[in-house]
Amino acid sequence: MLVGVVGCCHGELDVIYDTLAEAEKRLDKKTDLLLICGDFQSVRNEDDLECVACPPKYRQINTFYKYYSGEKTAPVLTIFVGGNHEASNYLQELPYGGFVAPNIYYMGYAGAISVGGLRIAGISGIYKKHDYDAPHFEHPPYTESSLRSVYHMRKEDVERLCRISGHVDVFLSHDWPSQITQYGNLQKLLQRKRFLKEDIERNALGSPALDEIISRLQPSYFFAAHLHAKFPAIVPHGEGKETKFLALSKPLPGQDFLQVVEIDNGKLVQPDTTDAGMEVVRDLEWLAIMRNPKAESMEESLVKETLDAIGGMGGLKVEKSGFVRTARTYNAASPVRGRRPMALNENPQTVWLSEKLDLKVGTSSTQRNSGPAAASAPDGVGLDVQDEPNPEEIDIDLDDV
């Protein structure tokens, strides 16, 4: 399977798909799948833009809204995890994953799926110790603090991922494993990103939670982004097993933000399979883990009960037709002032899965809207000016955002 991998997206889907098309021409091959490692920025409108945690001067609508509205369609099935600069209100509609636009699938806070026989797992966000043990408590109206903590990865998600058995072909994250620089060309990395040296020396770079994941799951490939630098590494696991790690940059001229990788696990669909065959299939074991969070092991009976709960094998397929627009689309001819939403919209994709598996969505129904658009806060309402950002929450290389 020919897989395109992108580091940070930053909402630049037009640039990414155009660059991918150029790569396909050079290779004289079509890619089967595109993976994006966070900072996707699924901004549908001006209200979503107000929920992106970055300085206002960096907030731009960019081009995702064209794919959300149907003006354009993603030319290849696109899978992504969240980063630390996202339209968090939209992604929180889909905590267990779902299509954010036709042919563009978000993996949720954490998750596992398969596409064409390729097993993919992933986790969204970045690591911050002070929020790691907390549940996903954030919801609109966001304070300045919760607008940041909403994208911090959580222990409960990491523990669930570590319970996955069987082989994982690809793991996606935004953050880097904290020890990954030991396995690649550190000198070359520091030549381009000198400011990382201090964090590496005091063992403060990346996520120790991802070290645990890479050790437990031992995926064949691990793709990441966040630090806007290309960094390959190979992590040995013993008995001939290894993980090929690759971090990529952002879509700007001169940046290494896209790489095409040939992946073959011996169980993939045939090369002549059409795009229709590139479907997102829910991972049954992952669903059983979500449904039975306290079970020490996934016994066959629990897996069977989970399969029955979703209506059999047919319930594993994520229908592309299940995508529903839950908010208005940006109108370039008539822009309006954005306001932070007061509530999350109810997304049918989340409702379906939570009802089937008896899952409790992270925010209560009183904090969700079932209408076509989220309520927005009047000027200044819902913004807790007393709640300052955590002093540890400093964007790495902020000028690169």
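Further up the page is the structure itself.
Here the residue numbering is sequential within each chain, running from 1 through the sequence in written order. Local features are withheld for residues below a pLDDT of 70 in this predicted model, meaning they are given only at 70 or higher, and side-chain atom pairs are given and counted only at 80 or more; totals for whole chains, interfaces and linings count all residues. Side-chain descriptors were evaluated using all non-hydrogen atoms of the structure, hydrogens and water having been removed beforehand.

A.B. asks: Before we move on, can you summarise the sheet that holds strand β9 (residues 221-224) with the specific residues and values?
C.D. replies: Two strands pair under a simple rule: DSSP has to find at least two bridges between them. For the purposes of this entry, the term helix denotes a DSSP run of H or I that reaches at least four residues, the term strand denotes a run of E that reaches at least two, and both are numbered from the N terminus. Spatially, 7 strands are ordered β10-β11-β9-β8-β7-β6-β13 in an open sheet, and the strand pairing comes out mixed. Both outer strands of the open sheet, β10 (231-238) and β13 (280-282), are each paired with one neighbouring strand and no more. Averaged over all pairs of adjacent strands, the angle between strand axes in this sheet comes to 25°, irrespective of strand direction. Bridge analysis of strand β7 (residues 118-123) against strand β8 (residues 170-172) gives 3 bridges, and the strand direction is parallel. Each bridged residue has a counterpart across the sheet, and for I120 the counterpart in β8 is V170. Note on definitions: a residue-residue contact is assigned when non-hydrogen atoms from the two residues lie within 4.5 Å. Working convention: axes come from line fits to C-alpha atoms, limited for helices to the stretch in contact. Angles between N-to-C directions cover 0 to 180 degrees. Packing against the sheet, helix α11 (residues 284-291) makes contact with β6 (110-115), β7 and β13, and its axis sits at approximately 155° to β6.

A.B. asks: Which residues make up the pairing of strand β1 (residues 2-6), and what are the values?
C.D. replies: The element β1 is extensively covered by neighbouring structure, given that 5 of its 5 residues are classed as buried. Of the two faces of β1, the one carrying L2, G4 and V6 and the one carrying V3 and V5 are both buried. Pairing between β1 and strand β12 (residues 258-262): 5 bridges, direction antiparallel. Following the sheet pairing, V6 is matched in β12 by L258. Relative to strand β2 (residues 33-36), β1 is paired through 4 bridges, and the arrangement is parallel. Bridge pairing links G4 to L34 in β2. Handedness of a crossover is defined as follows: orient the strands so they point away from the viewer, and if the path from the first strand over the helix to the second runs clockwise, the crossover is right-handed. In this region the chain leaves β1, passes through helix α1 (residues 13-27) and returns to the parallel neighbour β2; the handedness of that crossover is right-handed. The rule is simple: take the accessible area with a 1.4 Å probe, protein chains only, and divide by the maximum for that residue type; under 20% is buried, over 50% is exposed, in between is partly exposed.

A.B. asks: Residue-level account of the sheet that holds β12, with values.
C.D. replies: Ordered by their spatial adjacency, 6 strands build an open sheet running β4-β5-β3-β2-β1-β12, and the pairing between neighbours is mixed. Whereas interior strands pair on both sides, the edge strands pair on one side only; in this sheet they are β4 (98-101) and β12. Neighbour-to-neighbour, the strand axes of this sheet turn through a mean angle of 30°, independent of strand direction. Bridge count for strand β3 (residues 78-80) against strand β5 (residues 104-106) is 3 bridges, and the pairing is parallel. Bridged to I79 within β5 is Y105.

A.B. asks: For the pattern of salt bridges, give the residues involved together with the corresponding values.
C.D. replies: Should a side-chain nitrogen of Lys or Arg be within 4 Å of a carboxyl oxygen of Asp or Glu, the pair is scored as a salt bridge. Under the criterion given, the structure shown has 21 salt bridges. Notably, a salt bridge pairs R44 with E93, separated by 3.2 Å at the nearest N-O pair. You can see R44 sitting in the loop between β2 and α2 (46-49) and its partner E93 sitting in the loop between α4 (88-91) and β4, a full 49 residues away along the chain. Judged by its relative accessible area of 2%, R44 falls in the buried class. E93 gets classed as buried once you look at its relative accessible area, which sits at 1%. As a salt-bridge pair, R216 and E212 come within 3.6 Å of each other at their nearest N and O atoms. Linking R216 with E212, this pair stays in helix α10 (residues 208-217), spanning 4 residues, or about one helical turn. Using a relative accessible area of 53% as the deciding quantity, one classes R216 as exposed. When its relative accessible area of 34% is taken as the criterion, E212 is described as partly exposed. Residues participating in the shared-partner salt-bridge network are D14, K66 and K72.

A.B. asks: Could you give me a rundown of the packing of aromatic side chains, with the residues and numbers involved?
C.D. replies: To pair, rings of Phe, Tyr and Trp, with the six-membered ring standing in for Trp, must have centres within 6.5 Å; the planes then decide the type, stacked if under 30 degrees apart, edge-to-face if over 60, and tilted in the middle. Applying the stated criterion to the full structure yields 16 aromatic pairs. On the numbers, 3.8 Å between centres and 10° between planes, the contact of F40 with F80 is stacked. Placement of F40 in the loop between β2 and α2 and of F80 in strand β3 is noted, with a sequence separation of 40 residues between them. Of the residues examined, F40 reaches a relative accessible area of 0% and is grouped as buried. Pairing Y68 with F323 gives two aromatic rings, centres 5.8 Å apart and planes at 80°, and the pair type is edge-to-face.

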